[in-house]
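Fold and contact review
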Amino acid sequence: MKKSKDENTEQQILEAAKFVFQSKGMDGARMQEIADQAGINKAMLHYYFRSKQLLFEAVFNNAFSLLAPQLKAILNDESSIEDKIKNFTSSYISFILQHPYIPNFIIQELNRNPDFMIKMKENPNFPNLDKFKYQLNKDIQAGIIKPISAEQLFINIMALNVFPFLAKPLLMAFTNSENETYSQLMAERETEVSSFIINAIKKN
């Protein structure tokens, strides 16, 4: 019973932390607020997670464990390059709409701790580009896709997917959007981004 109770409490804390991090961001979140949201005292929260950073990393790792296998599976399945771009973009954007704190957290961690991504790459679910590169080169040789390196294409895909979430306040100002309107714009990008990229790389 004790083990079940501990697991339930930890999950309760992670759900509360996710809610607070999403609404306040890493810097604005307070451990006391997370404890209140979880319905526990601050001492209990510190028993499970000694610092806000450790708690934030736990929330991130929890979310990453849900997203990374999806992206890895898409990059390594037998679908076409066109379908890979569509599925990768759709999966990434729909996931980030549910976990909007993740892109900023990654950038924050990379700036604060450059070795962060080295640790992330050790995760067996970390996506790799081997199958993607093989298929892309095959399609280029077959005259289906214009010559482009897999690395450059993947950077383009990531840039078009990630930047709108990183630059949300700036783009909201440029587009004169409120939160709800901007979320709708992001949802539309699930198809807009993939169509834009596919049209750019396919031979006529």
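All of these numbers come straight from a predicted model, not from anything done at the bench. (Residues numbered from 1 in each chain as written. Predicted model: local features only at pLDDT ≥ 70, side-chain atom pairs only at ≥ 80, totals over all residues. Heavy atoms only, no water.)

1. Quick word on the packing of aromatic side chains
By the definition in use, this model includes six aromatic pairs. Seen in terms of ring centroids, Phe88 and Phe154 are 5.5 Å apart; in terms of plane orientation they differ by 70°. Their pairing is edge-to-face. One end of the pair, Phe88, is in helix H5 (residues 81-98); the other, Phe154, is in helix H9 (residues 150-166), and 66 residues separate them in sequence. Relative accessible area serves as the criterion here: at 17%, Phe154 is assigned to the buried category. Here Phe132 and Phe154 contribute two aromatic rings whose centre-to-centre distance is 6.3 Å and whose plane-to-plane angle is 70°, an arrangement assigned as edge-to-face. Of the two residues, Phe132 is situated in helix H8 (residues 130-141) and Phe154 in helix H9; the sequence distance between them amounts to 22 residues. Pair check on accessibility: Phe132 and Phe154 agree, each one buried. An aromatic cluster is present here, built from Phe60, Phe64 and Phe126 joined pairwise through their rings. (Phe/Tyr/Trp six-rings, centres within 6.5 Å; stacked < 30°, edge-to-face > 60°. Helix = DSSP H or I, 4+ residues; strand = E, 2+ residues; numbered from the N terminus. Buried < 20%, exposed > 50% of the residue type's maximum accessible area, 1.4 Å probe, protein only.)

2. Here we look at the pattern of salt bridges
Going through the model one piece at a time under the given rule, you end up with seven salt bridges. For the salt bridge of Lys18 with Glu15, the shortest nitrogen-to-oxygen distance reads 3.7 Å. Of this pair, Lys18 and Glu15 both sit in helix H1 (residues 2-28), separated by three residues, roughly a single helical turn. For Glu15, a relative accessible area of 39% translates into the label partly exposed. Where Lys131 meets Glu78, a salt bridge forms, and the shortest distance between an N and an O atom there is 2.7 Å. A residue pair is termed long-range when its members are at least 10 positions apart, and Lys131 in helix H8 and Glu78 in the loop between helix H4 (52-76) and H5 qualify at 53 residues. (Salt bridge = Lys/Arg side-chain N within 4 Å of Asp/Glu carboxyl O.)

3. Overview of the UniProt feature "DNA-binding region" (unreviewed entry) in the chain
Within the UniProt annotation, "DNA-binding region" (unreviewed entry) is assigned to residues 30-49. End-to-end, the C-alpha atoms of residues 30-49 are 13 Å apart, and along that stretch the chain is 75% helix and 0% strand. (UniProt positions renumbered as here; feature names shortened; annotations may be inferred.)

4. Concerning the packing of helix H6 (residues 102-112) against H9
Two elements in contact, H6 and H9, have axes separated by 8 Å at closest approach and are oriented at 90°. Viewed along their axes, H6 and H9 adopt a mutual orientation that is roughly perpendicular. Along the contact surface, H6 presents Pro103, Asn104 and Ile107, while H9 presents Val162, Phe165 and Leu166. Here the residues of the contact of H6 with H9 sort into five nonpolar, one polar and no charged. (Axes fitted to C-alpha atoms, helices over the stretch in contact; angles between N-to-C directions. Parallel < 35°, antiparallel > 145°, perpendicular 65-115°, else oblique. Contact = heavy atoms within 4.5 Å. Nonpolar A, V, L, I, M, F, W, Y, C, P; charged D, E, K, R; others polar.)

5. Concerning the nonpolar core
Membership of the largest hydrophobic core comes to 56 residues, with the highest contact counts inside it found for Ile13, Phe21, Ile34, Leu45, Leu55 and Phe132. No other element matches the eleven residues that H4 contributes to this core. In contact with Leu55, other than residues within four places in its own chain, are Ile13, Leu14, Ala17, Phe21, Met31, Ile34, Leu45 and Phe49. (Core = buried A, V, L, I, M, F, W, Y, C linked by side-chain atoms within 4.5 Å.)

6. Observations concerning the UniProt feature "domain: HTH tetR-type" (unreviewed entry) in the chain
Mapped onto the present numbering, the UniProt feature "domain: HTH tetR-type" (unreviewed entry) falls on residues 7-67. In residues 7-67, the share of helix is 87% and the share of strand is 0%. The end C-alpha atoms are 22 Å apart.

7. A word on the environment of Leu71
If you trace the backbone, Leu71 turns up in helix H4. By relative accessible area, which is 7% here, Leu71 ends up buried. Not counting residues up to four positions away in its chain, the partners in contact with Leu71 are Phe88, Ser91, Tyr92 and Pro127.

8. Quick word on the side chain of Ser91
Among the structural elements, Ser91 can be located in helix H5. Beyond its immediate chain neighbours, meaning those up to four positions away, Ser91 contacts Leu67, Gln70, Leu71 and Ile74.

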